[in-house]
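Spelled out from the first residue to the last, the chains are:
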Amino acid sequence: MAERKVPNLFRVDYDAGPEGPPQQLGLESAAAADRAWDVIIIGAGSAGMPAALFAAKRGAKVLVIEHSGAVGGTLRLAPAQMSAAGTKLQKSLGIDDTPEEHFADAMRISRGTINQDLAKLAIWNAGKMFDWLMDGGFDMMPECPSKGNTHEPFSKARYYWGREFGRSILKVVEPQLMEAVKTCDLTILLRHEALSLLQQDDGTVTGVIAKDIEGVERSYTGRSVVITSGGYAANTTMYEELSGQPQYQKWWSPFSQGRGHQLGLSAGAYLRGIENFMASFGIILESDQYPAKALGRPNSYPEVRQPWEIYVNALGQRFVCEDLPSVDAREHALLKQPGMRYWVIFDQDILDQAPPVVEGWTQDQVKDAFGSTYSFYKGQSLAELAAAAGIDAKGLKDTVDLYNYGIGAGHDVFARKHSPLPIGKPPFYAIRAQGCAITGAAGLAVDNDLRVIRRDGSAIPGLYAAGEILGAGVLQGNAYVGGMMVTPALTFGKLLGEKILPLGNQ
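Here the structure is a predicted model, which means the values were calculated and not measured. Within any chain, residue numbers begin from 1 and follow the written order of that chain's sequence. At least 70 in pLDDT is required for a residue's local features to be given in this predicted model, at least 80 for side-chain atom pairs to be given and counted, and no such filter applies to totals for whole chains, interfaces and linings, which use all residues. Side-chain numbers here rest on the full set of heavy atoms in the structure, without hydrogens or water.

Q: I'd like a rundown of the sheet that holds strand β13 (residues 310-312), residues and numbers included.
A: What links the strands of a sheet is backbone hydrogen bonding, and the strands pair in either a parallel or an antiparallel sense. A pair of strands is labelled paired if DSSP reports no fewer than 2 bridges between them. The numbering of helices and of strands both runs from the N terminus, where a helix is a DSSP run of H or I of at least 4 residues and a strand a run of E of at least 2. Strand order in the open sheet made by the four strands is β13-β14-β16-β15, with antiparallel pairing throughout. Sheet topology places β13 and β15 (376-379) at the edges, where each strand pairs with a single neighbour. Neighbouring strand axes in the sheet, compared pairwise and without regard to direction, differ in orientation by 30° on average. As paired elements, β15 and strand β16 (residues 428-434) share four bridges and run antiparallel to each other. Looking across to β16, one finds that Y377 is bridged to A430. By definition in these notes, contact holds between two residues if any of their heavy atoms fall within 4.5 Å. Each axis is a line fitted through C-alpha atoms, taken for helices only over the stretch in contact, and angles between the N-to-C directions span 0 to 180 degrees. Along the sheet, helix α13 (residues 393-409) contacts β13 and β14 (341-347); its crossing angle with β13, the most-contacted strand, is approximately 150°.

Q: Which residues make up the pattern of salt bridges, and what are the values?
A: Counted as salt bridges are all cases of a side-chain nitrogen of Lys or Arg within 4 Å of a carboxyl oxygen of Asp or Glu. Counted according to the given criterion, the structure contains 23 salt bridges. A salt bridge links D105 to R108; the nearest nitrogen and oxygen atoms lie 3.2 Å apart. Of this pair, D105 and R108 both sit in helix α4 (residues 99-110), three residues apart, which is roughly one turn of that helix. Burial here depends on accessible area, computed with a 1.4 Å probe over protein chains only, as a share of the maximum for the residue type. Under 20% is buried, over 50% is exposed, and the range in between is partly exposed. Residue D105 is classed as buried on the basis of its relative accessible area, which comes to 5%. Given a relative accessible area of 43%, R108 falls into the partly exposed group. With a shortest N-O distance of 2.8 Å, K394 and D398 are connected by a salt bridge. You can see K394 and its partner D398 sitting in helix α13, four residues apart, about one turn around the helix. Of the residues examined, K394 reaches a relative accessible area of 59% and is grouped as exposed.

Q: With reference to specific residues and values, describe the packing of aromatic side chains.
A: Centres within 6.5 Å make a pair out of two Phe, Tyr or Trp rings, where for Trp the six-membered ring is used; the pair is then stacked when the planes are under 30 degrees apart, edge-to-face when over 60, and tilted otherwise. Using the criterion set out here, one finds 20 aromatic pairs in the structure. An angle of 75° between the planes, with centres 6.5 Å apart, marks the rings of Y239 and F277 as edge-to-face. Linking Y239 in helix α7 (residues 236-243) with F277 in the loop between β10 (271-272) and β11 (284-285), this pair joins segments that are 38 residues apart in sequence. The burial state of Y239 is the same as that of F277; both residues are buried. Aromatic side chains F346 and Y429 sit 5.5 Å apart centroid to centroid with 20° between the ring planes, which places their arrangement in the stacked category. With a gap of 83 residues between them, F346 in strand β14 and Y429 in strand β16 connect regions that are remote in the sequence. Of the aromatic side chains, those joined through ring pairs into one cluster are F346, W361, F370, F376 and Y429. A ring is considered to have a charge above it if a Lys NZ or an Arg CZ atom is located within 6 Å of its centre and within 35 degrees of its normal. Note that R35 overlies the ring of W37, its terminal NZ or CZ placed 4.6 Å from the centroid. R330 extends its terminal NZ or CZ atom over the ring of F281, reaching a point 5.9 Å from the ring centre.

Q: Could you give me a rundown of a nonpolar patch on the surface, with the residues and numbers involved?
A: There is a patch of nonpolar side chains on the surface, built from L402, Y405 and V413 and spanning about 330 Å² of accessible area. Relative to the assigned elements, V413 resides in the loop between α13 and β16. Patches here: salt-bridge-free residues with over 30% relative accessible area, like charges joined within 9 Å, nonpolar side chains (Val, Leu, Ile, Met, Phe, Trp, Tyr) joined within 5 Å. Using a 1.4 Å probe, the Shrake-Rupley method yields the accessible areas, and only the shown protein chains count as cover for residues.

Q: Help me get a handle on the environment of V486, residues and values and all.
A: Its place among the elements puts V486 in helix α15 (residues 486-500). On a C-alpha basis, the gap between V486 and L475 in space is 9.9 Å, while along the polypeptide they are 11 residues apart. The residues contacting V486, other than those within four sequence positions of it, are S46, L75, A80, Q81, M82 and I169.

Pasting the structure below:
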């Protein structure tokens, strides 16, 4: 089987930039507070950077308020896969692709649950955004474009990511942004936290109150305010309140605190998309002190490694066909299991003969983990294994007996096709995997011009939003649609800066 080329999600630390006193690129904080800006952008990440850059290039007076000590947001951490149709790269490779086909795929993969208006806005403009990155020297992995296999695949090769993942995008955008600070009317206030919005009696948003790292609060006024402050994955209380699930995995920017969501709600906005909460098909965590760091993940992709093991829930029951090709079907099956977790079950023969079950690990690393690492369990009997792993013992025994019977009878109850060995030779092994989500499903509702709206559909004057703050459940629907997080963020930021945001002379 071909080697699976995907970003490594578990060895990247977030770099929040240099610590120290308040910083500014352009005007100092006090001078910036004395001016009236065309645009104030809260957050200098995937959406905020292009919004600031292109608005400044249009001649706008732009102020960016960034909580961390560096621009980039989650691009410093994320794999940042993109998807775009009709790109110059595709045409050079003879790939005939259109936004219509891209949208059809997004509708198919999400089963029609994606927000169609925002999907169209992103998809029909994604090609130009990606061409801009390529023209700027985007260092793409050589196997791109691809159809993708970490999520449900596209029908055409339109999936892209950089050699350094999100940082490859940052290396294109950040220099242009810094040049705009020098040549345009653009100021970036780093280590400044947006506290509240300034709002007139009629609801019009007219600015932002922000605090620097030394606790000094200032008011900044502007014609438009754009919230591009990202998600709420690091706010474990907010995450659990909105999703109904604990934040299991510690892998996010520490500044993803949901502040933008709170600012929008305070101005009269509402949240949507939480009904489309999704989780990945299992991460191996280092402890049960949540949120916990990830050690890796089971290689559950049958197109790369056919399963030798079975997957059981806390009741000891199988819940999905292990060699089912659909990633989406496996993810939705896991959503219905207690605690969104499962255990990979196998015996000594399978451990000795099967390819390594943990993605990116050697067989020796897998073997060494048992007895020394949380999430890895071993027992001389199935009952002993169940007790160690926290699985129902009778359920596990009945499940293994039925699975082994199916191998002998030549018919698995889940219609599984690849079952090379029964599970019968002690010792027995289990690896616990936890369903996790690192993006927030809920987001501020916006209209087709990215204006933040109230529940009655009316726009809040002067307030816009783009990026993860719109919600993964809105941008991807009830599925993981490849590239439909960072692609809309970059694309919407670019559109806001290029044409959507009103300037003083318009």
